[in-house]
Amino acid sequence: MFFRPKMRVEDFEAAAMPHLADLYRSATLLIRDPSEAQDLVQEVYLEAWKSFHRFEPGTNCRAWLFKILFHRLHHVRRRLIKASKMEALAGPGEEDKLTAEPPVPQEIRDEDVLLALAKVPLEFRETVLMADVEEFSYREIAETMRIPLGTVMSRLSRGRKLLRAELAEVAHSFGIRHLAKGTGQGESA
Amino acid sequence: MNVFNFDSKQCLRVREQMDAYLSNELLVETTSEVLRHLESCEGCSYELDSRLRLREALRRAADKRLPPEHLREAISQRLRRAQPGFFGDFRVIPWAVALASMVLAVVAGQQGLRFQRGRQLVSSILTIGVTDHVQCAIKGHNYPEVANPPAQLRKQLGPEYAGLLPIVQEKLPAFQVLEAHICQVPGSPRKYVHFITRGQGTILSVILTRREGESLPAGRFLVASAPGGVDLYKAQLQGMSVAGFESNEYFGFVVSDLGQDEMVQIAARLAPAMRDALSKGAGTVKADNAPRNSPPDSGGVARRAPGWLSPEAENMR
């Protein structure tokens, strides 16, 4: 069709703005600089608006927005890594933390779990976020992040273990011992 | 202290499936198997509880990352600034721009071509007069230092054009008519009624020639209108200023090395009277291949040979 009906920004906002909190949440957990995260989210909305004609009403707008988010994130990440404002992808040595399953504290403070998450290498962190926070399915994660399904599964498994290991380290460093009562595991962690 | 049986094969299998179980990605049958095992295995149940606890802590903490108030407004404003606009759809814009550009290019091209052609036409017609002035008056020096007597000039012009002499004399009071004749430029059948005058320290020609289908373009190319609605044109050609006009079946030119505007002013004075005289006298100077010293027409109006002749023209005689 050469000409299409005029798209209204109000229609776009009605479909896309309800997902602002989700996008912002993930952006801030994937990019440490809050202003960069805000810029990223704005860019996502602008790009989504520009390609709104390709969006089919009734399909998953949230997944579509996250797809744009990860697409933009790829570019932002390269720029930030170059400027040393963002960590590179996981290097060797991270696997060492997966040799044991450390205990999970009974009570977990927000700042501890977020600090632990921030220490998880990016490619694992984003998969954990997509599955455990944003509650996307494996298939949706694979499509959004453009990685194979098997990679989603392996990254999620490793990401969760790394988060657990990092949380144990954070808890240990702060002297917290809210471990499961009566398990005996991790008492000496 | 509780003791968990980590070594059982079933536990290992459930632990392997626990990630998929947490993400609700297991088949219904497999989920049932895991649930049955969890009911009977405190260790795996505890492990699942730990993982769920961690996940809930992560969700809870992440949920507190709320977007700042201004972000929604900032996005909204940027969206409106980036609105597709009058064309309605981003996809339309490149097409619309391309189409508009094409139309503009074609129109501009046509206008430009038309303008270019118009300018060329004016120049080519005005060149007719300039060429005769340069060849006959300036290079050929076909005029006497002392003006030929009016009777001789009238004779040279013939009865058809003799009536124009007093008009030139009247309308160019600052110039003296030294010579008047019918002449040709070598290589061209075109004939000219040529008045050579002197004044203001220079030689000025008043030239008439019959139009042969040509016509000066109207509109933006004319520089002024003489009284009576005669359109005037001007140009700078071959180092000469020329003002031209169209009159009945003739083109008229005033050429000299004075300024263009001065040529236009002289032409403006001259043109209406010339037109009236020509319409009454019906000049008969025609383009033909007749010998240059022959009369312009069978009426024998101009019987004097032109005052200048190139060697080529001489050979044609």
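Residues numbered from 1 in each chain as written. Chains lettered and ligands numbered in written order. Predicted model: local features only at pLDDT ≥ 70, side-chain atom pairs only at ≥ 80, totals over all residues.

1. A closer look at the overall build of chain A
And then number 1: If you tally the helices and strands in chain A, you get 8 helices and 0 strands.
And then number 2: Going from N to C terminus, chain A has its helices and strands arranged as α-α-α-α-α-α-α-α.
And then number 3: When the 189 residues of chain A are sorted by exposure, 38% land in the buried category.
And then number 4: Long-range pairs, those at least 24 residues apart, make up 75% of the contacts in chain A with a sequence separation of at least 6. (Helix = DSSP H or I, 4+ residues; strand = E, 2+ residues; numbered from the N terminus. Buried ≥ 20, exposed ≤ 12 C-beta atoms within 10 Å, placed from the backbone. Contact = placed C-beta atoms within 7 Å.)

2. Focus on the overall build of chain B
And then number 1: Each helix and strand counted, chain B has 9 helices and 7 strands in total.
And then number 2: The 317 residues of chain B split such that 33% are buried.
And then number 3: Nonlocal contacts in chain B, meaning residues at least 24 apart in sequence, comprise 62% of its contacts between residues at least 6 apart.

3. Observations concerning the packing of helix α1 (residues 9-22) of chain B against helix α2 (residues 28-40) of chain B
Residues and elements named next belong to chain B.
And then number 1: In the contact formed by α1 and α2, the axes pass within 10 Å of each other and the chain directions differ by 125°. Between α1 and α2, the angle falls in the class oblique. The interaxial crossing formed by α1 with α2 has left-handed handedness. In this structure, α1 uses Gln10, Val14, Gln17 and Tyr21 to contact α2, whose residues at the interface are Thr30, Thr31, Val34 and His37.
And then number 2: When grouped by side-chain class, the residues that make up the contact of α1 with α2 number 3 nonpolar, 5 polar and no charged. (Axes fitted to C-alpha atoms, helices over the stretch in contact; angles between N-to-C directions. Parallel < 35°, antiparallel > 145°, perpendicular 65-115°, else oblique. Left-handed = near helix turned anticlockwise from the far one by under 90°. Nonpolar A, V, L, I, M, F, W, Y, C, P; charged D, E, K, R; others polar.)

4. A closer look at the nonpolar core
And then number 1: Within the largest apolar cluster, 53 residues are counted, with the highest numbers of intra-cluster contacts made by Ala27 and Leu167 of chain A.
And then number 2: Of all the elements, helix α8 (residues 149-173) of chain A adds the most residues to this core, at 9 residues.
And then number 3: Not counting residues up to four positions away in its chain, the partners in contact with Leu167 of chain A are Val104, Ile108, Asp112, Val113 and Ala116 of chain A together with Leu54 of chain B. (Core = buried A, V, L, I, M, F, W, Y, C linked by C-beta atoms within 7 Å.)

5. Some remarks on helix α6 (residues 122-133) of chain A
And then number 1: Most of α6 of chain A sits out of view: 10 of its 12 residues are buried.
And then number 2: Within α6 of chain A, burial applies to Phe124, Arg125, Glu126, Thr127, Val128, Leu129, Met130, Ala131, Asp132 and Val133 of chain A.
And then number 3: Contacts from the buried residues of α6 of chain A go to α2 (20-30), α5 (110-119), α7 (138-145) and α8 of chain A together with α3 (42-63) of chain B.
And then number 4: Count one or two residues on from α6 of chain A and you reach Glu135 of chain A, which has phi positive near 60°.

6. What about the sheet that holds strand β5 (residues 230-237) of chain B?
Residue and element names in this part refer to chain B.
And then number 1: In spatial order, the strands read β1-β2-β3-β7-β6-β5-β4; together these 7 strands make up an open sheet with antiparallel pairing. Because the sheet does not close on itself, it has two edges, and the strands there are β1 (176-184) and β4 (224-226). Geometrically, the sheet is characterised by an average inter-axis angle of 25° between neighbouring strands, direction not taken into account.
And then number 2: In the sheet, β1 pairs with strand β2 (residues 191-199) via 8 bridges, with the strands oriented antiparallel. From the neighbouring strand, His181 faces β2, where its bridge partner is His194.
And then number 3: Where helix α6 (residues 150-162) meets the sheet, its contacts fall on β1 and β2, and the angle it forms with β1 comes to roughly 60°. (Pairing = 2+ DSSP bridges.)

7. Quick notes on the environment of Glu179 of chain B
And then number 1: Tracing the backbone shows Glu179 of chain B in strand β1.
And then number 2: Spatially, the C-alpha atoms of Glu179 of chain B and Leu157 of chain B are 9.9 Å apart, while their sequence positions differ by 22 residues.

8. A short note on the confidence of the model for chain A
And then number 1: Per-residue confidence for chain A averages 81 on the pLDDT scale, and 77% of its residues sit at or above 70.
And then number 2: Low pLDDT (under 50) marks residues 178-189 of chain A, which in the prediction has 24 contacts with non-local residues, meaning those over four places away or in another chain. (pLDDT = per-residue confidence, 0-100.)

9. Concerning α2 of chain A
And then number 1: Among the 11 residues in α2 of chain A, 8 count as buried, and that is most of the element.
And then number 2: Among the residues making up α2 of chain A, those that are buried are Leu23, Tyr24, Arg25, Ser26, Ala27, Thr28, Leu29 and Leu30 of chain A.

10. Overview of the pairing of β1 of chain B
And then number 1: With 8 of 9 residues buried, β1 of chain B lies mostly within the body of the structure.
And then number 2: Hairpin connection, β1 of chain B to β2 of chain B: the antiparallel pair is bridged by 6 residues, and Gly187 of chain B has positive phi, about 85°.

11. Section: unusual backbone geometry
Negative phi characterises most residues that are not glycine, and trans characterises most peptide bonds.
All names here are of chain A.
And then number 1: Within the chain, Glu135 stands out as a residue other than glycine whose phi angle is a positive 60°.
And then number 2: Mapped onto the secondary structure, Glu135 falls in the loop between α6 and α7.
And then number 3: For Glu135, a count of 12 C-beta atoms within 10 Å puts it in the exposed group.
And then number 4: Of note, Arg146 is a non-glycine position whose phi angle comes to about 55°, a positive value.
And then number 5: Tracing the backbone shows Arg146 in the loop between α7 and α8.

12. Considering the pairing of β5 of chain B
All names here are of chain B.
And then number 1: Where β4 meets β5, 3 bridges bridge the pair, whose relative direction is antiparallel. In the strand pairing of β5, Ser225 is matched with Asp231.
And then number 2: Here β4 folds back onto β5, and the loop between the two strands holds 3 residues, one of which, Gly228, carries a positive phi near 90°.
And then number 3: Sheet topology note: the β5/strand β6 (residues 240-247) ladder contains 6 bridges and is antiparallel. Its bridge partner being in β6, Leu232 is matched across the sheet by Phe245.

13. Things to note about the environment of Ala137 of chain B
Residues and elements named next belong to chain B.
And then number 1: Along the chain, Ala137 falls in helix α5 (residues 92-139).
And then number 2: Separated by 42 residues in sequence, Ala137 and Glu179 have C-alpha atoms that sit 9.4 Å apart.
And then number 3: In this structure, Ala137 is in contact with Asn142, Tyr143, Ile196, Ile203 and Ser205, ignoring residues within four places of it in sequence.

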